[in-house]
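Analysis of the macromolecular model
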Amino acid sequence: MNILIHPTYFPTIAHFVAMVKAKEVMFEMDDNFVKQTYRNRTYIYGANGKLALNIPVIHTQKNRQKYRDVKIFNTENWQGIHWKSLLTAYRTSPFFEYYEDDLAPLFQKQYDYILDFNLNCFDAVCDCLQLDLNISKSEIYKETVEDYIDYRHLVKAKKEHSYNFKPYTQVFSDKHGFIPNLSVLDLLFNEGPNTLTYLESQELKLM
């Protein structure tokens, strides 16, 4: 199958389940930026439970702004804060050290545009997974795209879908239980080389 999906900040497990099963993945490149989505937000498993990592962005006075034109508000040290949060959450996980050097540079280089940063995050995860997806990019926005399954709704962070994903061991699961559909980083740091096998075995079926 071919799918249409948004590039997001360290995508959710649901995003990656959809992508690893696709023949072709088309990234939506021409939509408007909307608040409270995974475009500039990802969730990890912290010591106190589910933790949101938000990238600050510069909002214009215009009613509509293209995703590709949205700039990051780099006056804040958000990269240092996010990396410290990842260290605190996952340094005791089985595979954090294994992938640390591949991911750390993303938090050391300053990026101007959120879309560019998200695409680099996606590429870094694919490198960690040794995953080679057939990626294309949309050129104009369309409400419907023929021959593609539309997964653009997965970008909405406010309306969380509940998928029946198989539990895996998480760092703080003894405190707060299993939390599904976090950032793919949670799966990567806990499952390591088994991450791809896990993704391929899951289904995007709502509970």
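Once a new chain begins, its residue numbering starts again from 1 and follows that chain's sequence as written. Local features in this predicted model are restricted to residues of pLDDT 70 or higher, and side-chain atom pairs are both shown and tallied only at a pLDDT of 80 or more, whereas totals for entire chains, interfaces and linings draw on every residue. Side-chain measures were taken over the full set of non-hydrogen atoms in the model, leaving aside hydrogen atoms and water.

To qualify as a helix, a DSSP run of H or I must reach at least 4 residues; to qualify as a strand, a run of E must reach at least 2; elements of each kind are numbered from the N terminus. The secondary structure content of the protein chain amounts to seven helices and eight strands. Radius of gyration: over C-alpha atoms. The globule rule applied is 2.2 Å multiplied by the number of residues raised to the 0.38 power. Taking 207 residues into account, the globule formula puts the C-alpha radius of gyration at 17 Å, and the protein chain, at 16 Å, falls close to it. Judged by the C-alpha coordinates and their principal axes, the protein chain covers about 45 × 40 × 30 Å. The contacts of the protein chain with a sequence gap of at least 6 include a subset with a gap of at least 24, amounting to 71%. Residue exposure ignores everything except the shown protein chains as possible cover, and the areas themselves are Shrake-Rupley values with a 1.4 Å probe. Roughly 10900 Å² of accessible area belongs to the protein chain as shown, and the carbon and sulfur atoms make up 46% of that amount. Counted as positive: Lys and Arg. Counted as negative: Asp and Glu. His and the chain ends are not counted at all. Charge coordinates come from a single atom per side chain, which is NZ of Lys, CZ of Arg, CG of Asp or CD of Glu. Distance between charge centroids for the protein chain: 8 Å, based on 23 positive and 26 negative side chains. When checking whether two residues touch, look at their non-hydrogen atoms; a contact exists if any pair is within 4.5 Å.

We now examine the nonpolar core. With 68 residues, the main nonpolar core has Phe-16 and Leu-103 as its most contacted residues. Looking at this core, the element that brings in the most residues is helix α4 (residues 114-129), giving 11 residues. In this structure Phe-16 touches Pro-11, Phe-122, Val-125, Cys-126, Leu-129, Leu-131, Val-184 and Leu-199, once residues within four positions along its chain are discounted. Residues enter a nonpolar core if they are buried and are Ala, Val, Leu, Ile, Met, Phe, Trp, Tyr or Cys, with the set joined through side-chain atoms within 4.5 Å. Exposure classes here rest on a 1.4 Å probe applied to the protein chains alone. A residue is buried below 20% of its type maximum, exposed above 50%, and partly exposed in between.

Let's shift gears to the environment of Phe-122. Inspection of the secondary structure puts Phe-122 in helix α4. As a C-alpha pair, Phe-122 and Pro-11 span 111 residues in sequence and 7.4 Å in three-dimensional space. Filtering out sequence-adjacent residues up to four positions away, Phe-122 remains in contact with Phe-16, Met-19, Phe-27, Leu-133 and Ile-135.

Whether two strands pair depends on DSSP finding at least two bridges between them. With respect to topology, four strands assemble into an open sheet ordered β7-β2-β1-β8, the strand pairing being parallel. Each edge of the open sheet carries a strand with a single partner, namely β7 (135-137) and β8 (149-150). Bridge analysis of strand β1 (residues 2-5) against strand β2 (residues 24-27) gives four bridges, and the strand direction is parallel. Following the sheet pairing, Ile-5 is matched in β2 by Phe-27. Here, axes are lines fitted to C-alpha atoms. For helices the fit covers the stretch in contact, and angles between N-to-C directions go from 0 to 180 degrees. Taken strand by strand, helix α1 (residues 13-20) contacts β1 and β2, and its axis lies near 150° from that of β1.

Time to look at a negative patch on the surface. To count toward a patch, a residue needs a relative accessible area over 30% and no salt bridge; like charges are then connected within 9 Å, while nonpolar side chains (Val, Leu, Ile, Met, Phe, Trp, Tyr) are connected within 5 Å. Should a side-chain nitrogen of Lys or Arg be within 4 Å of a carboxyl oxygen of Asp or Glu, the pair is scored as a salt bridge. Together, Asp-101, Asp-102, Asp-123 and Asp-127 make up a negatively charged patch on the protein surface. Mapped by element, the contributors of at least two residues to the negative patch are α3 (96-103) and α4. Looking at Asp-127, the relative accessible area reads 60%, which means it is exposed.

In this section: helix α6 (residues 184-191). Burial runs high along α6: eight of the eight residues are buried. Along α6, the residues that are buried comprise Val-184, Leu-185, Asp-186, Leu-187, Leu-188, Phe-189, Asn-190 and Glu-191.

Turning our eyes to something else, we now look at the pairing of strand β3 (residues 41-46). Of all the six residues making up β3, six are buried; the element is thus mostly covered by neighbouring parts of the structure. Burial along β3 is two-sided: Arg-41, Tyr-43 and Tyr-45 and Thr-42, Ile-44 and Gly-46, pointing in opposite directions, are all buried. Two strands pair when backbone bridges link them, and β3 and strand β4 (residues 49-54) are joined in this way by six bridges, in the antiparallel orientation. Looking at β4, one finds that Gly-46 is bridged to Gly-49. Hairpin remark: β3 followed by β4, antiparallel, with two residues in the connecting loop.

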